[in-house]
Each structure stands twice: as structure tokens, then as C-alpha cells.
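The residues making up each chain are set out below.
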Amino acid sequence: MADTNKSDTPDIDDIQKTLEKQIAELRREITKINKSISARGAEMLDDASEQASELYDTAANRASRTAQQLRSQAQAVSEVARENPGTTTALVGVIGLLGFLAGFAIAQSTNDTSRRWY
């Protein structure tokens, strides 16, 4: 009745071989994609490392120049202080007095008026 011709239906072995070929091709594509991703990741890591190194070098140079400036300014201030000991003493005294008065004023403004000692 329904004679099926073997040439009309695909053979199971042929289907299996076709699927295996497709799977092998997909595996090759996945391998290529993985290699591409790995290479791109390595490039990005190298770029980030290079940028970090440049930032560190820039910061180190700026810090070095700033430290040198501070040293030279401190040396200039100390020379002026050595040349004018009376003026230096007066200046330090005035700064100390101003600090004391500022502290006293702050303490009085935050102190409760009912707890005064008089």
C-alpha cells in the first residue's frame, strides 16, 4: 500500500552526519569567538594598565614638584624668622592670642547661660 522508497526518506546516518558536521562547525565558531574575546580583553587590560601607569607617573611628578616648592618656601620662611626673631615672636604671640580669643568666644556662645560661675 504505502510503499516507501528508501531513496525518498533520508537515512538516519545521513542526518546524524549532517548534525555532527553542524555541531563541529558551531564549535569552531565558538572557539574563534572565544579567542577574539580573549584577545580583546587582553588589549583592554593592557590599555588600562598603560593609562594607570601614566596617571601614576603624572601624579608622582606633580607631588615631587609640590614637595620641592614647599621645601623652598619653608626654607625662605625659616630664613626670615631667623633674621627677625622679635617680629617672629610677636607674630606667634598675636596668633596665639587670636586663637585663644576665638576659642573663648566659641565656648561662651555654646555654653548654657544658667551654668555661669558668677
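Refer to the preceding data block for the structure.
Residues numbered from 1 in each chain as written. Predicted model: local features only at pLDDT ≥ 70, side-chain atom pairs only at ≥ 80, totals over all residues. Heavy atoms only, no water.

Q: Any chance you could explain the packing of aromatic side chains here in plain terms?
A: Both the distance between ring centres and the angle between the ring planes are used here to describe each pair of aromatic rings. On inspection of all chains with the given rule, the structure shows 1 aromatic pair. Judged by centre distance (6.3 Å) and plane angle (20°), the rings of Phe-100 and Phe-104 are stacked. Of this pair, Phe-100 and Phe-104 are both found in helix H2 (residues 85-110), 4 residues apart, which corresponds to roughly one turn of the helix. (Phe/Tyr/Trp six-rings, centres within 6.5 Å; stacked < 30°, edge-to-face > 60°. Helix = DSSP H or I, 4+ residues; strand = E, 2+ residues; numbered from the N terminus.)

Q: Any chance you could explain the pattern of salt bridges here in plain terms?
A: In a structure, side chains of opposite charge can pair up when their charged atoms sit close to one another. Throughout the structure, instances matching the rule amount to 2 salt bridges. In this structure, Arg-40 engages Glu-43 in a salt bridge whose closest nitrogen and oxygen atoms are separated by 3.2 Å. Linking Arg-40 with Glu-43, this pair stays in helix H1 (residues 12-83), spanning 3 residues, or about one helical turn. In this structure Glu-43 comes out as partly exposed when scored by relative accessible area, which is 43%. (Salt bridge = Lys/Arg side-chain N within 4 Å of Asp/Glu carboxyl O. Buried < 20%, exposed > 50% of the residue type's maximum accessible area, 1.4 Å probe, protein only.)

So, to be careful, I would describe these as geometric facts and stop short of saying anything about function.
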